[in-house]
2 protein chains.
Amino acid sequence: MAMNRLDLNLLHVFETIYREGSLTRAARALHLTQPAVSHSLARLRAHFDDPLFIRQGNEMVATPLARRFADTMRPGLTQIQSAVNQFHSFDPVSQHKVFALGLRDILESTFLPHLMQSLDQYPEIEVVSQRIPRRDMETHLAAGKLDFAVDVLLPVSSQTSHELLRRDTLVVVAGPKFDGIENGLSLETYLAARHVLVSSRTEGPGIEDFELSRLGVHRRIALRCQHYYAACRVAEATDLLVTMPETYARMIIQQTSLRVLPLPTNMPPLNVHLYWHTPYEKEPALKWFRELLHQVAAH
Amino acid sequence: MAMNRLDLNLLHVFETIYREGSLTRAARALHLTQPAVSHSLARLRAHFDDPLFIRQGNEMVATPLARRFADTMRPGLTQIQSAVNQFHSFDPVSQHKVFALGLRDILESTFLPHLMQSLDQYPEIEVVSQRIPRRDMETHLAAGKLDFAVDVLLPVSSQTSHELLRRDTLVVVAGPKFDGIENGLSLETYLAARHVLVSSRTEGPGIEDFELSRLGVHRRIALRCQHYYAACRVAEATDLLVTMPETYARMIIQQTSLRVLPLPTNMPPLNVHLYWHTPYEKEPALKWFRELLHQVAAH
DNA sequence: GTAAACGATTAGAATAATTCAGTCGCGTAA
DNA sequence: TTACGCGACTGAATTATTCTAATCGTTTAC
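Here the structure is a predicted model, which means the values were calculated and not measured.

Focus: the overall build of chain A
Consideration 1: Summing up its helical and strand segments, chain A has 11 helices and 12 strands in all.
Consideration 2: Overall, the C-alpha framework of chain A stretches about 95 × 40 × 30 Å when taken along its three principal axes.
Consideration 3: Here chain A holds 299 residues, and the buried ones make up 47% of them.
Consideration 4: Expressed as a percentage of contacts within chain A between residues at least 6 apart in sequence, the contacts between residues at least 24 apart total 72%.
Consideration 5: Total accessible area computed for chain A in this model is approximately 15400 Å², and 51% of it derives from carbon and sulfur atoms.
Consideration 6: Of the charged side chains in chain A, 31 are positive and 32 negative; the average position of the first set lies 3 Å away from that of the second.

Below, the structure written as structure tokens:
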């Protein structure tokens, strides 16, 4: 290309010779013939006006200039190769990468176990799960502080993309002390029963109560608590009912005497979406992780 | 070269397009035609599977991926170019460089004025003069803490190179009160005179006294002091003689009534040598500075 | 609407990189 | 000491890549 400017591709040849200490082995590593490597070395020698490697027996020993040059340029070459790889391809098996994921509340419980199981085969991959306030989600994604966020459908700007990750619905969890459901749970039975309302707020209706009030009915709240797990333990020991997302319900009732029942009336779905900063969406590592999350969500 | 490995020379093309925001201007900057740059960009686009630059009117606007890639790889590219330049060529006019020079005693006075005058035309060059114990000279040169040392002939290992920088001899400095030298200074007159001995030690003979004792003679020391400058001020005000290196003598007597006379007997020369760490001697910046020092010493 | 500026594409020329074939130097074993 | 194997170097031939000239399509300015 330009006169007097070193062909930067020769740096890779230099580095390989340096590492292998032999032109023949370097040629093998580069998938070239030995004379090709010899010619490349000749070009480097001409450029630096130094033999760079001196043959001693069957080893090519680096000259002081070669050694010093190798130490000086290596960090830059490593950094460039890393940058090129970041935007060209991502190999999760060999490349270290930390993914920052915004997960709220029960989504940690429903996603992280399967996700970490999937990452067993990728020991270089690390995941950091953070809870970010909803109002900060987009700025954190744009700034790269978060790679992805997982949440219900939220209004976002055109700078943030999202797609459906998993469908979820509300179901009813009942313990063995709750009777009268041999033919399924009717709306009358549901409304006559006493309920546990799960909310991090100390007052106000739950999401399901909004829908019931649209039907002109309301249920009887006997207990208000903050965590679905605690609510299920209560339902198991009493005849109170818990209305909650199905995915989490099925996780919790395992090896308990609790049952999952369909809600006796239609409720809008609780769909979980994956969010990311649109301009970054072509980055190979992020694309790979996105696919992985879809696989995990399909469990 | 290798499949799937980016031609690193394309990075320079990328960077130029990014900076110029136009293929035509980038081509001009790279001394290529516009289609050559277009081809290179096509290769980059294929590699990253991204347009990288989108034409908006007559500007090529970088895509988000291109922007992020530019920011990521720029430090590495800068570092590599710097490393390559360090070992290929050195341009003292435009490249910043600090040279560490080991100078003892009067050598600072005799070298630094002319050296700094020569460096007037190289504003990017900085010089640090350090006094290093003689026993530490070689380790400091090897470690790169010193680029060069200037001293009389010393015994050094094969890892340290040296070459003659300047020849010097001992001369006699006399003030206007000293008589009887119309036909030159004879050995008898020299021995009959009173002398100033300059030494940082509080006792013991000077170097010239070793040579005189080999002739079976000795001179009369009337004063012992530590600096040649002070000794010369004494000679100017009295009829005492000072025996000292010629280069410094000629510097000091300027615009005084002092005279420089040949020593009336042969003494071995006081040659000043330049020392450096042999393995580094091919580095272009050090080569350049070495040449400069020779020019300065030839003054 | 026209001319100029600019990027993309095609075809061919020029240049660079790689391979092939052969020679030379070094180290080791017989 | 000789023969052999290994590996680097060199030059010619071949292949691949890059660059240029020309042209086409798009955009901008007047």
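Now that the structure has been shown, we can carry on.
Notes on the interface of chain A and chain B
Consideration 1: At the interface, 37 residues of chain A touch 37 residues of chain B.
Consideration 2: Counting the surface lost from both chain A and chain B, the interface buries some 3800 Å², and carbon and sulfur atoms represent 65% of this.
Consideration 3: Here chain A is connected to chain B by 2 salt bridges.
Consideration 4: We note a salt bridge from Arg 68 of chain B to Glu 283 of chain A, for which the minimum N-O separation is 2.2 Å.
Consideration 5: Here chain A is connected to chain B by 11 residue pairs in polar contact (both at pLDDT 80 or more).
Consideration 6: Those elements that place two or more of their residues in the side of chain A that touches chain B are α1 (9-20), α3 (34-48) and α4 (64-88) of chain A.
Consideration 7: If you tally residues by element for the side of chain A that touches chain B, the top one is α4 of chain A, at 17 residues.
Consideration 8: Taken together, the residues of the side of chain A that touches chain B break down into 20 nonpolar, 10 polar and 7 charged.

Remarks on the packing of aromatic side chains
Residues and elements named next belong to chain B.
Consideration 1: A complete count under the given rule lists 28 aromatic pairs over all chains for this structure.
Consideration 2: Both rings, one in Phe 14 and one in Phe 53, keep their centres 5.5 Å apart while their planes meet at 45 degrees; by these two values the pair is tilted. Taken as a pair, Phe 14 in helix α1 (residues 9-20) and Phe 53 in strand β1 (residues 53-56) lie far apart in primary sequence, 39 residues in all. The same class applies to Phe 14 as to Phe 53, namely buried.
Consideration 3: Each ring, one from Phe 90 and one from Trp 288, has its centre 5.5 Å from the other, and the planes form 55 degrees; the classification is tilted.

Digging into the protein's contact with DNA strand C
Consideration 1: Around DNA strand C, 22 residues are found, and the nearest of them are Thr 33 and Arg 43 of chain A together with Leu 23, Thr 24 and Arg 45 of chain B.
Consideration 2: The sugar-phosphate backbone supplies 65% of the atoms of DNA strand C found within 4 Å of the protein.
Consideration 3: In this structure, Arg 55 of chain A approaches DNA strand C through a side-chain N or O atom, which is 3.3 Å from a base nitrogen.
Consideration 4: Between DNA strand C and His 39 of chain B there is a distance of 3.4 Å, counted from a base oxygen to a side-chain nitrogen or oxygen.
Consideration 5: Within the residue set of the surface near DNA strand C, elements represented by two or more residues are α3 of chain A together with α2 (23-30) and α3 (34-48) of chain B.

Quick word on the sheet that holds strand β8 (residues 194-198) of chain A
Residues and elements named next belong to chain A.
Consideration 1: One open sheet holds the 5 strands; their spatial order is β9-β8-β10-β7-β11, and the pairing between them is mixed. Single-partner strands in this sheet number two, and they are β9 (220-225) and β11 (259-262). Shown here is a sheet whose adjacent strand axes are inclined to one another by a mean of 35 degrees, direction ignored.
Consideration 2: With 4 bridges connecting them, strand β7 (residues 170-174) and strand β10 (residues 241-245) associate as antiparallel partners. Bridging across to β10, Val 171 finds its partner in Met 244.
Consideration 3: Of the strands in this sheet, β7, β8, β9 and β10 are in contact with helix α9 (residues 228-237), which crosses β10 at around 150 degrees.

Comments concerning the domain arrangement of chain A
All names here are of chain A.
Consideration 1: Taken as a whole, chain A is organised into domain 1 (9-88), domain 2 (97-167 + 271-297) and domain 3 (170-262).
Consideration 2: Here the C-alpha centre of domain 3 lies 29 Å away from the C-alpha centre of domain 2.
Consideration 3: When residues of domain 2 are sorted by the area they lose upon contact with domain 3, Ile 106, Ser 109 and Thr 110 head the list and together hold 79% of the total.
Consideration 4: Counting across the interface, domain 2 meets domain 3 through 0 residue pairs in polar contact (both at pLDDT 80 or more).

Notes on the pairing of β1 of chain B
Residues and elements named next belong to chain B.
Consideration 1: The pairing of β1 with strand β2 (residues 59-62) spans 4 bridges and is antiparallel. Bridging across to β2, Arg 55 finds its partner in Met 60.
Consideration 2: As consecutive antiparallel partners, β1 and β2 are separated by 2 residues, and within that stretch Gly 57 has a phi angle of approximately 65 degrees, a positive value.

Concerning the relation of the copies chain A and chain B
Consideration 1: Overlaying chain A with chain B gives an RMSD of 0.6 Å, the required rotation being 178 degrees about an axis along which the chain moves by 0.2 Å. In the structure described here, the two chain copies are related by an operation that fits a two-fold rotation axis. Ranked by how close their C-alpha atoms come to the rotation axis, the residues of chain A are headed by Gly 76 of chain A, at 1.8 Å.
Consideration 2: The overlap is high: 100% of the interface residues of chain A also sit at the interface in chain B, so the same surface is used on both sides.

A look at the protein's contact with DNA strand D
Consideration 1: Taken together, 21 residues are adjacent to DNA strand D, and Leu 23, Thr 24 and Arg 45 of chain A together with Arg 43 and Gly 57 of chain B come closest.
Consideration 2: If you look at DNA strand D and keep only atoms within 4 Å of the protein, 65% of those are sugar or phosphate atoms.
Consideration 3: Contact between DNA strand D and Ser 38 of chain A: a phosphate oxygen at 3.3 Å from a side-chain N or O atom of the residue.
Consideration 4: Sort the elements by how many residues they give to the surface near DNA strand D and α3 of chain A lands first, with 5 residues.
Consideration 5: Residues that form the surface near DNA strand D fall into these classes: 7 nonpolar, 9 polar and 5 charged.

Here we look at the pattern of salt bridges
All names here are of chain A.
Consideration 1: For the structure on display, the rule yields 26 salt bridges over all chains.
Consideration 2: Taking the shortest distance from any N to any O, the salt bridge between Arg 74 and Asp 71 comes out at 3.5 Å. Within this pair, Arg 74 and its partner Asp 71 are both found in helix α4, separated by 3 residues, close to a single helical turn.
Consideration 3: For Arg 74, a relative accessible area of 34% corresponds to the partly exposed category.
Consideration 4: Residue Asp 151 is joined to Arg 134 by a salt bridge in which the shortest nitrogen-to-oxygen separation is 2.8 Å. Taken together, the positions of Asp 151 in strand β5 (residues 148-152) and Arg 134 in the loop between β4 (125-130) and α6 (137-143) put the pair 17 residues apart, joining distant regions of the chain.
Consideration 5: Take Arg 134: its relative accessible area is 43%, and that puts it in the partly exposed class.
Consideration 6: A network of salt bridges, in which partner residues are shared, links Arg 19, Glu 20, Arg 25 and Glu 59.

Quick look at the packing of α1 of chain B against α3 of chain B
Residue and element names in this part refer to chain B.
Consideration 1: Where α1 meets α3, the axes come as close as 10 Å, and the angle between the chain directions of the two elements is 110 degrees. If you check the angle between α1 and α3, you find them roughly perpendicular. Contacts from Leu 10, Val 13, Phe 14 and Ile 17 in α1 reach Val 37, Ser 40, Leu 41, Arg 43 and Leu 44 in α3.
Consideration 2: Residue classes in the contact of α1 with α3 are distributed as 7 nonpolar, 1 polar and 1 charged.

Conventions and cut-offs
- Residues numbered from 1 in each chain as written.
- Chains lettered and ligands numbered in written order.
- Predicted model: local features only at pLDDT ≥ 70, side-chain atom pairs only at ≥ 80, totals over all residues.
- Heavy atoms only, no water.
- Helix = DSSP H or I, 4+ residues; strand = E, 2+ residues; numbered from the N terminus.
- Buried < 20%, exposed > 50% of the residue type's maximum accessible area, 1.4 Å probe, protein only.
- Contact = heavy atoms within 4.5 Å.
- Areas by Shrake-Rupley, 256 points an atom, 1.4 Å probe, with all protein chains shown as cover.
- Lys, Arg positive; Asp, Glu negative; His and termini not counted.
- Charge placed at Lys NZ, Arg CZ, Asp CG, Glu CD.
- Buried area = accessible area lost by both parts, 1.4 Å probe.
- Salt bridge = Lys/Arg side-chain N within 4 Å of Asp/Glu carboxyl O.
- Polar contact = N/O pair within 3.5 Å; in protein donor to acceptor, adjacent residues only side chain to side chain.
- Nonpolar A, V, L, I, M, F, W, Y, C, P; charged D, E, K, R; others polar.
- Phe/Tyr/Trp six-rings, centres within 6.5 Å; stacked < 30°, edge-to-face > 60°.
- Near = heavy atom within 4 Å.
- Pairing = 2+ DSSP bridges.
- Axes fitted to C-alpha atoms, helices over the stretch in contact; angles between N-to-C directions.
- Domains from an automatic or database assignment.
- Least-squares fit on C-alpha atoms with pLDDT ≥ 70 in both.
- Parallel < 35°, antiparallel > 145°, perpendicular 65-115°, else oblique.

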